[in-house]
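# Commentary on secondary and tertiary structure
If you want the building blocks of each chain, they are given just below.
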Amino acid sequence: QHQCLNISQVGLDGLECANRFAELLANRRVFACHIERALRQLRPSMLDSHGLRHALDNGPLREMLEDANVKFAPEFTGPVDDLDDDARTAVYRIVQAAVREAVRLQVVARFALSLEVAPNALGQRVDLRMDLEFSPQARIEPPLQALPAIFDRVLAEHGSYELEPLAQGQRHAVRFVSRAR
């Protein structure tokens, strides 16, 4: 239960309260800088050096799929590398979560990635589809379930995350708008 207190109830005078408030704001700014730095460090370096398209098409995610004998079929439309840093990182991490799931399931034969980026009035519209196509020899198809890592990223981007069953697989579809660059 929350309770509101005024300055006189806490025993602080106006100047002391203002100083403490300023100190809190300064601490918040320092904390925000530390978080931003940590997030930058978590961003794969390949995104900065080669761009999102190259990182997805030729990077470690493709290698993970190939090592698991999963065919990778990427398709890119629009100015993919024009996304801002946060959106590029979000897309990469979302695809990474889906790739991990494809490898974990051990019945995925093909991972089809479709990334479309298109300008709109608010910035760049990102439309991402990841189809996990199961092997015809799969005896039991895994249940269709949302992946928490994708859900969290989509929530942070204020987007939508939809799951669709496919005839022999499942689709994870993500949509969000990144701010103008």
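Description of the structure in this document. Predicted, not measured: the structure shown is a model, and the values here were computed from it. (Residues numbered from 1 in each chain as written. Predicted model: local features only at pLDDT ≥ 70, side-chain atom pairs only at ≥ 80, totals over all residues. Heavy atoms only, no water.)

Turning next to the nonpolar core. One finds L56, V91, V95, F111, L115, M130 and I150 to be the most contacted residues of the largest nonpolar core, which totals 40 residues. Elements represented by at least two residues in this core include exactly α4 (52–58), α5 (60–67), β1 (71–77), α6 (85–105), β2 (108–120), β3 (123–134), α7 (148–156) and β5 (169–179). Not counting the four nearest positions on each side in its chain, V95 is found in contact with L56, L61, F111, L113, L128 and M130. (Core = buried A, V, L, I, M, F, W, Y, C linked by side-chain atoms within 4.5 Å. Buried < 20%, exposed > 50% of the residue type's maximum accessible area, 1.4 Å probe, protein only. Helix = DSSP H or I, 4+ residues; strand = E, 2+ residues; numbered from the N terminus. Contact = heavy atoms within 4.5 Å.)

One way to put it is that α5 packs onto α6 with a least axis distance of 10 Å and a crossing angle of 10°. Judged by the angle between their axes, α5 and α6 are roughly parallel. Touching P60, L61, M64 and L65 of α5 are Y92, V95, Q96, V99, R100, A102 and V103, all from α6. Residue classes in the contact of α5 with α6 are distributed as 9 nonpolar, 1 polar and 1 charged. (Axes fitted to C-alpha atoms, helices over the stretch in contact; angles between N-to-C directions. Parallel < 35°, antiparallel > 145°, perpendicular 65-115°, else oblique. Nonpolar A, V, L, I, M, F, W, Y, C, P; charged D, E, K, R; others polar.)

What the 5 strands build is an open sheet, ordered β1-β2-β3-β5-β4; its pairing is mixed. The open sheet terminates on both sides in strands that have one partner only, identified here as β1 and β4 (160–166). Across the sheet, the mean angle from the axis of one strand to that of its neighbour is 15°, orientation sign disregarded. With 7 bridges connecting them, β1 and β2 associate as parallel partners. (Pairing = 2+ DSSP bridges.)

Following the criterion strictly, the structure yields 10 salt bridges and no others. Put simply, E164 and R171 hold a salt bridge, and the shortest N to O gap is 3.9 Å. R171 sits in the buried class, given a relative accessible area of 18%. Salt bridges sharing partners connect three or more residues here, namely D57, R62 and E66. (Salt bridge = Lys/Arg side-chain N within 4 Å of Asp/Glu carboxyl O.)

Let us look at α6. With 21 residues, α6 ought to run about 30 Å at 1.5 Å a step, and its terminal C-alpha atoms sit 30 Å apart, in line with that. In terms of burial, α6 is largely enclosed, as 16 of its 21 residues are buried. Looking at where α6 begins, the residue whose side-chain oxygen comes 3.0 Å from the main-chain nitrogen of D86 is D84. Of the residues flanking the end of α6, it is Q106, one or two places downstream, whose phi is positive at about 65°. (Expected span 1.5 Å × (residues − 1). Polar contact = N/O pair within 3.5 Å; in protein donor to acceptor, adjacent residues only side chain to side chain.)

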